[in-house]
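Each chain, written out:
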Amino acid sequence: EFRRVLFRSNYKIAASHLRLLADACNQYRAKTKHFPDQLQVLVPDYLPKIPQVKYVLNFWNQFTYSNHTIIWVSFPPSEKTSYNLETDTLTKLPN
């Protein structure tokens, strides 16, 4: 039960941080007419810093970004979720 509660809590945090990133990317796009090439260009004009996925300190804690898609490990070590900015689509990736 504790593990399930922790997972749900971490997923909510990750979803909140994803929304911050996606909003910043969309603001960047509104200003420049294209999505950023990397997340770091959003700092400091759109975000004070790139948020971590969730409040667990380990190497699965960073968002990655490629081809207008934000990816993170939703359940360590191998379950990943992606969010495509162009299509506004959230997808669980195959292991």
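Everything numeric here is computed off the predicted structure, so don't read it as measured data.

**Student:** Is there a simple way to think about the nonpolar core in this case?
**Tutor:** As a rule of thumb, nonpolar side chains are buried together in soluble globular proteins. Residues Leu21, Leu39, Leu42, Phe63, Ile70, Trp72 and Leu85 are the most contacted members of the largest nonpolar core, which totals 19 residues. The set of elements that each furnish at least two residues to this core consists of α1 (2-32) and β2 (69-75). In terms of residues, this core owes the most to one element, α1, which gives seven residues. Setting aside anything within four residues of it in sequence, one finds Phe63 in contact with Ala14, His17, Leu18, Leu21, Leu39, Pro51, Gln52, Val53, Ile70, Ile71 and Trp72.

**Student:** Sorry, what's going on with the confidence of the model for the protein here?
**Tutor:** Confidence in the prediction of the protein, expressed as mean pLDDT, is 87, and 91% of residues score 70 or more. Ranking the elements of the protein by mean pLDDT puts β2 last with 86 and strand β1 (residues 64-66) first with 93.

**Student:** Looking at this structure, I do not really get unusual backbone geometry. What am I missing?
**Tutor:** Glycine aside, negative phi is the norm for most residues, and most peptide bonds take the trans geometry. Val43 connects to Pro44 through a cis peptide bond whose omega is 0°. Despite not being glycine, Lys33 shows a phi value in the positive range, around 75°. Of note, Lys33 is situated in the loop between α1 and β1. In the Ramachandran plot, Asp88 falls in the positive-phi region, its phi being about 55° despite a non-glycine side chain. Mapped onto the elements of the fold, Asp88 is located in the loop between β3 (79-84) and β4 (89-93).

**Student:** Would you take a moment to explain the sheet that holds β4 for this structure?
**Tutor:** Within a sheet, each strand pairs with its neighbour through backbone hydrogen bonds, oriented either parallel or antiparallel. The antiparallel open sheet is built from four strands, whose spatial order is β1-β2-β3-β4. If you trace the sheet from one side to the other, it starts and ends with β1 and β4, each paired once. On average, adjacent strands in this sheet sit at an angle of 30° to one another, irrespective of strand direction. In this sheet, β4 lies alongside β3 in antiparallel orientation, the contact comprising five bridges. In the sheet register, Lys80 faces β4, and the bridge partner there is Leu93.

What counts and what doesn't
- Position labels on residues start from 1 in each chain and follow its written sequence.
- Under the rules for a predicted model, residues below a pLDDT of 70 receive no local features and side-chain atom pairs below 80 are neither given nor counted, while totals for whole chains, interfaces and linings still include all residues.
- Each side-chain value is worked out from all heavy atoms of the structure, with water and hydrogens disregarded.
- Remark: nonpolar core denotes a set of buried residues (Ala, Val, Leu, Ile, Met, Phe, Trp, Tyr, Cys) joined through side-chain atoms within 4.5 Å.
- For the exposure calls, accessible area comes from a 1.4 Å probe over protein chains only, and a residue counts as buried if that area is under 20% of its type's maximum, exposed if over 50%, partly exposed in between.
- Only runs of H or I of at least four residues qualify as helices and only runs of E of at least two qualify as strands under DSSP, and these elements are numbered from the N terminus.
- For this analysis, residues touch if any pair of their heavy atoms sits within 4.5 Å.
- As a per-residue measure, pLDDT reflects the predictor's confidence and takes values from 0 up to 100.
- What makes two strands pair is DSSP finding at least two bridges between them.
- Convention adopted: a line fitted to C-alpha atoms gives each axis, helices being fitted over their contacting stretch, and angles between N-to-C directions are expressed from 0 to 180 degrees.

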